[in-house]
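One-letter residues, chain by chain:
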2 protein chains.
Amino acid sequence: MSTSFTERTIEYDKLLADFKALLKEKALKFTNQREKILETLYYSQEHLTPEALHQLIKEKYPELNAGIATIYRTLSMLEDNNIVSSLSFGAQGKKYELGAKDHHDHMICTKCGEITEFVDDVIEDQQHKIAEKFGFKMQDHSMQIYGICKKCQDN
Amino acid sequence: MSTSFTERTIEYDKLLADFKALLKEKALKFTNQREKILETLYYSQEHLTPEALHQLIKEKYPELNAGIATIYRTLSMLEDNNIVSSLSFGAQGKKYELGAKDHHDHMICTKCGEITEFVDDVIEDQQHKIAEKFGFKMQDHSMQIYGICKKCQDN
DNA sequence: TATGGTTTGATAAACAGTCTCATTATCTCT
DNA sequence: AGAGATAATGAGACTGTTTATCAAACCATA
């Protein structure tokens, strides 16, 4: 089986350069806030809520005085440009992660909340086939497996 | 490919009897509101938001005078007991459907919000294999394909 | 049908996310 | 580097969804 963990597939410098190019292309401005948001997402191994990201940035760059609205605005912009992707959790909102990885799915432990990523070629293939069959123009897809992770089973 | 639509797998009378048994078992009461909520979910072919469900019930049973809080409370209770399941839409809330169907996945139009159900054996199989590989004890799984449906592509 | 615990509707409150707008920052052109 | 044009920002008001509170109504049981 081709299932495997995902890894960062891009250096931060390259990501930043691409981001700057994108901003220029769209006549958007490269601001301190946008840089720090991108950087914080890059160096975080976790899936972050906008609120959590806001906290991290306030701690690391208090002088920036970044507002929560800017976090939301920037995350939306990054998602529109496929730089980050989000996972929905119903009333509990969304969590964001840098999309500069291969597409992947999630396995979520219902006990400890840990999220494990994986990529599976068979599933990726099949999703395309299904969308095609229904005449659906696929934009995105997500799959979650819920259960108890190995660690929690042992405790 | 084995992809196909799903159908109701239970008669309403049986569902109602099961529901009454569950309530008794948990020392909960069988109320008019709970009955109408279950019934409305059963006879609706759609995935409903709590708000939409509330509207339907107000139209059909105005004398019930059902409050929105009761809709939320009952949906949570039904979900806890695996009688309904929900789909998340980020800030746009959740949509609920009766779980008394075979397991199935969802294809969601990001333009009109229409939800199409499907079952695919290849995907079901693969999910089990993946969970096994990671030593994960699978409890549930879900898959969503987001895109533009045929109807919306034509408009 | 009396009793006691449960459920209810109304409404207040919490919450996430969006919008507005005056101020500040960035970019471009010179 | 400076100026002008324009985009981005932070603060906080606002929206829509979901939850909590509580007195009154209801249901199951005896």
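Residues numbered from 1 in each chain as written. Chains lettered and ligands numbered in written order. Predicted model: local features only at pLDDT ≥ 70, side-chain atom pairs only at ≥ 80, totals over all residues. Heavy atoms only, no water.

## Some remarks on the nonpolar core
Okay, so step 1: Among the nonpolar cores identified, the biggest contains 26 residues, and Phe136 and Ile145 of chain A together with Phe136 and Ile145 of chain B are the most heavily contacted of them.
Okay, so step 2: Among the secondary structure elements, those contributing two or more residues to this core are β3 (105–109), α5 (121–133) and β5 (137–148) of chain A together with β3 (105–109), α5 (121–133) and β5 (137–148) of chain B. (Core = buried A, V, L, I, M, F, W, Y, C linked by side-chain atoms within 4.5 Å. Buried < 20%, exposed > 50% of the residue type's maximum accessible area, 1.4 Å probe, protein only. Helix = DSSP H or I, 4+ residues; strand = E, 2+ residues; numbered from the N terminus.)

## Side note on the protein's contact with DNA strand D
Okay, so step 1: In the region of DNA strand D, 21 residues are neighbours, and Lys29, Arg34, Ala66 and Thr70 of chain A together with Tyr72 of chain B sit closest.
Okay, so step 2: Threonine 31 of chain A places a side-chain nitrogen or oxygen 2.8 Å from a phosphate oxygen of DNA strand D.
Okay, so step 3: Here a phosphate oxygen of DNA strand D sits 2.9 Å away from a polar atom, N or O, in the main chain of asparagine 65 of chain A.
Okay, so step 4: Within the residue set of the surface near DNA strand D, elements represented by two or more residues are α2 (32–43) and α4 (68–80) of chain A together with α4 (68–80) of chain B.
Okay, so step 5: For the surface near DNA strand D, the class distribution of residues is nine nonpolar, six polar and six charged. (Near = heavy atom within 4 Å. Polar contact = N/O pair within 3.5 Å; in protein donor to acceptor, adjacent residues only side chain to side chain. Nonpolar A, V, L, I, M, F, W, Y, C, P; charged D, E, K, R; others polar.)

## Structural notes on the packing of aromatic side chains
Okay, so step 1: For the structure shown, the criterion picks out eight aromatic pairs over all chains.
Okay, so step 2: For the ring pair tyrosine 42 of chain A and tyrosine 43 of chain A, a centre distance of 4.8 Å and an interplane angle of 80° mean the geometry is edge-to-face.
Okay, so step 3: Ring centres of tyrosine 12 of chain B and tyrosine 42 of chain B lie 5.3 Å apart, and the angle between their planes is 55°; on these two criteria the pair is classed as tilted. Note that tyrosine 12 of chain B is positioned in helix α1 (residues 12–25) and tyrosine 42 of chain B in helix α2 (residues 32–43), a separation of 30 residues in sequence. No difference in accessibility class separates tyrosine 12 of chain B from tyrosine 42 of chain B, as the two residues are buried.
Okay, so step 4: Ring pairs connect the aromatic residues Tyr12, Tyr42 and Tyr43 of chain A, which therefore count as one cluster.
Okay, so step 5: Over the face of the ring belonging to phenylalanine 30 of chain A we find lysine 20 of chain A, whose NZ or CZ atom lies 4.9 Å from the ring centre. (Phe/Tyr/Trp six-rings, centres within 6.5 Å; stacked < 30°, edge-to-face > 60°. Lys NZ or Arg CZ within 6 Å of the ring centre and 35° of its normal.)

## As for α2 of chain B
Okay, so step 1: The end-to-end C-alpha distance of α2 of chain B, which contains twelve residues, comes to 17 Å, matching closely the 16 Å that a straight helix rising 1.5 Å per residue would cover.
Okay, so step 2: Check the buried side of α2 of chain B and you find it contacts α1, α3 (50–60), α4, β1 (84–88) and β2 (94–98) of chain B. (Expected span 1.5 Å × (residues − 1). Contact = heavy atoms within 4.5 Å.)

## Here's the deal with the relation of the copies chain B and chain A
Okay, so step 1: For the pair chain B and chain A, the superposition axis carries a translation of 0.2 Å, the fit reaches an RMSD of 1.1 Å, and the rotation angle comes to 179°. Both copies of the chain, as the preceding transformation shows, are related through a two-fold rotation axis. Closest to the rotation axis within chain B is the C-alpha of methionine 143 of chain B, separated from it by 2.1 Å.
Okay, so step 2: Take the interface residues of chain B: 100% of them recur as interface residues in chain A, which is what a same-surface contact looks like. (Least-squares fit on C-alpha atoms with pLDDT ≥ 70 in both.)

## Examining the domain arrangement of chain A
Residues and elements named next belong to chain A.
Okay, so step 1: According to the domain assignment, chain A consists of domain 1 (12–98) and domain 2 (105–154).
Okay, so step 2: Measuring from the centre of the C-alpha atoms in domain 1 to the corresponding centre in domain 2 gives 24 Å.
Okay, so step 3: Contacts between the two partners involve four residues from domain 1 and, on the opposite side, five residues from domain 2.
Okay, so step 4: Interface of domain 1 and domain 2: buried area, both sides summed, is about 420 Å²; carbon and sulfur atoms make up 67% of it.
Okay, so step 5: Applying the counting rule to domain 1 against domain 2 returns zero salt bridges.
Okay, so step 6: Applying the counting rule to domain 1 against domain 2 returns two residue pairs in polar contact (both at pLDDT 80 or more).
Okay, so step 7: When its residues are assigned to classes, the side of domain 1 that touches domain 2 shows two nonpolar, one polar and one charged. (Domains from an automatic or database assignment. Buried area = accessible area lost by both parts, 1.4 Å probe. Salt bridge = Lys/Arg side-chain N within 4 Å of Asp/Glu carboxyl O.)

## What to know about the environment of histidine 54 of chain A
Residues and elements named next belong to chain A.
Okay, so step 1: Among the structural elements, histidine 54 can be located in helix α3 (residues 50–60).
Okay, so step 2: Sequence separation between histidine 54 and phenylalanine 134 is 80 residues, and the spatial gap between their C-alpha atoms is 40 Å.
Okay, so step 3: Those residues in contact with histidine 54 that lie beyond four places of it in its chain are Ala66, Gly67, Ile68 and Ile71.

## Here we look at the pattern of salt bridges
It is possible for side chains bearing opposite charge to pair when their charged atoms get close.
Okay, so step 1: Tallying each qualifying case throughout the model produces three salt bridges over all chains.
Okay, so step 2: Put simply, lysine 14 of chain A and aspartate 18 of chain A hold a salt bridge, and the shortest N to O gap is 2.9 Å. With a gap of four residues between them, lysine 14 of chain A and aspartate 18 of chain A both fall in helix α1 (residues 12–25), about one helical turn apart.
Okay, so step 3: The partly exposed category is assigned to lysine 14 of chain A, whose relative accessible area is 47%.
Okay, so step 4: Salt-bridge contacts for glutamate 79 of chain B lead to lysine 94 of chain B; the nearest nitrogen and oxygen are separated by 4.0 Å. Taken together, the residues span a long stretch of sequence, with glutamate 79 of chain B in helix α4 and lysine 94 of chain B in strand β2 at a distance of 15 residues.
Okay, so step 5: According to the relative accessible area criterion, glutamate 79 of chain B is partly exposed, its value standing at 23%.
Okay, so step 6: Overall, the relative accessible area of 23% leaves lysine 94 of chain B in the partly exposed class.

## Thoughts on the protein's contact with DNA strand C
Okay, so step 1: Contacts to DNA strand C come from 21 residues, most closely from Tyr72 of chain A together with Lys29, Thr31, Thr70 and Arg73 of chain B.
Okay, so step 2: Separating a base oxygen of DNA strand C from a side-chain N or O atom of arginine 73 of chain A is a distance of 3.4 Å.
Okay, so step 3: Here a base nitrogen of DNA strand C and a side-chain polar atom of arginine 73 of chain B are 2.8 Å apart.

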